[in-house]
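Summary of structural features
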Amino acid sequence: MNPVNPVNPVKKNHLGGDRQDACPTLPARFPFQLHTAVRPAIIVCGYLILFFVLEKAGMVVQTKAGFSPWHLSAGLSMALLLAFGLRYAPALAVASWLSNLLLPVDSRFEWHVQLILALNFALNYALGAVVLRRALGVDLRLRHVRDVVAFMRVTVIVPLVAATFAAVYAGLFSSIE
């Protein structure tokens, strides 16, 4: 019990200390709280690792031109944007571009073509997340049939648009054998 206020006891953290002591503030000379910088960094690092693992798994069914009809990282990317917001959209472009550059792909895309394809990926999925959350107002708990149908439509249309643009762009501006 709190000796000052016996009606409202002091809550303890998981270590047995007062909850106020669980997350001490940084000195005033720091312009931001540590957790505001660390949390997004952890999220992005975790996303990049999972993205590369899923891209590697998708390469099992890759075509000779370097495209894969089984793009597992697309679902992860949509989940990232829906769960944490559009501020993580640049991470999609970085992950896609790095995976195009670093993973052994049997294609002859120049770096600038890969950059455009990565930006296309990020822009399409960010637009899909905006349509789901803001334009259609989908409840992500998917408790209503309307939300499920809207979610399914958007998550089918977005990859089709991204893949169509990527195939046309790569076909026009790259040498694919």
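Report on the accompanying structure. (Residues numbered from 1 in each chain as written. Predicted model: local features only at pLDDT ≥ 70, side-chain atom pairs only at ≥ 80, totals over all residues. Heavy atoms only, no water.)

Before going further, it helps to spend a moment on the overall build of the protein. Secondary structure summary: the protein contains 6 helices and 0 strands in total. What you see in the protein, going N to C, is helices and strands ordered as α-α-α-α-α-α. When each of the 177 residues of the protein is scored for burial, the buried share is 28%. Residue pairs in contact within the protein that sit at least 24 positions apart in sequence constitute 62% of those at least 6 positions apart. (Helix = DSSP H or I, 4+ residues; strand = E, 2+ residues; numbered from the N terminus. Buried < 20%, exposed > 50% of the residue type's maximum accessible area, 1.4 Å probe, protein only. Contact = heavy atoms within 4.5 Å.)

Let us now look at the packing of helix 4 (residues 89–102) against helix 5 (residues 111–135). The N-to-C vectors of helix 4 and helix 5 enclose an angle of 145°; their axes lie 8 Å apart at closest approach. As for how helix 4 packs across helix 5, the hand of that crossing is right-handed. Note on element contacts: helix 5 touches helix 4 through Trp111, Gln114, Leu115, Ala118, Leu119, Phe121, Ala122, Tyr125 and Ala126, opposite Ala89, Leu92, Ala93, Ser96, Trp97, Asn100 and Leu101. (Axes fitted to C-alpha atoms, helices over the stretch in contact; angles between N-to-C directions. Left-handed = near helix turned anticlockwise from the far one by under 90°.)

Okay, the nonpolar core next. Ranked by size, the top nonpolar core spans 24 residues in total, and within it Tyr47, Met78, Leu81, Leu92 and Tyr125 carry the most contacts. When residues in this core are grouped by element, the largest group, 6 residues, is from helix 5. Not counting residues within four places of it along the chain, the set of residues in contact with Tyr125 comprises Ala74, Met78, Leu81, Leu92, Val158 and Pro159. Formed by 6 residues, the second largest nonpolar core is a distinct cluster that contains Phe109, Leu117, Tyr169 and Ala170. (Core = buried A, V, L, I, M, F, W, Y, C linked by side-chain atoms within 4.5 Å.)

Next up on the list: the packing of aromatic side chains. A complete count under the given rule lists 6 aromatic pairs for this structure. With a centroid separation of 6.4 Å and 80° between ring planes, the pair formed by Phe51 and Phe52 is classed as edge-to-face. Ring geometry for Phe51 against Phe121: centres 6.1 Å apart, planes inclined by 70°, an arrangement best described as edge-to-face. Placement of Phe51 in helix 2 (residues 34–58) and of Phe121 in helix 5 is noted, with a sequence separation of 70 residues between them. Neither residue differs from the other here; Phe51 and Phe121 are each classed as buried. By way of ring pairs, the aromatic residues Tyr47, Phe51, Phe52, Phe121 and Tyr125 are connected into one cluster. (Phe/Tyr/Trp six-rings, centres within 6.5 Å; stacked < 30°, edge-to-face > 60°.)

Bringing a nonpolar patch on the surface into the picture now. On the surface, a nonpolar cluster with roughly 490 Å² of combined accessible area is contributed by Val94, Leu98, Leu101, Leu102 and Trp111. Broken down by element, the residue count for the nonpolar patch peaks at 4 residues, all from helix 4. Mapped onto the elements of the fold, Leu98 is located in helix 4. Residue Leu98 is classed as partly exposed on the basis of its relative accessible area, which comes to 30%. (Patch = residues over 30% accessible without salt bridge, like charges linked within 9 Å, V, L, I, M, F, W, Y side chains within 5 Å. Areas by Shrake-Rupley, 256 points an atom, 1.4 Å probe, with all protein chains shown as cover. Salt bridge = Lys/Arg side-chain N within 4 Å of Asp/Glu carboxyl O.)

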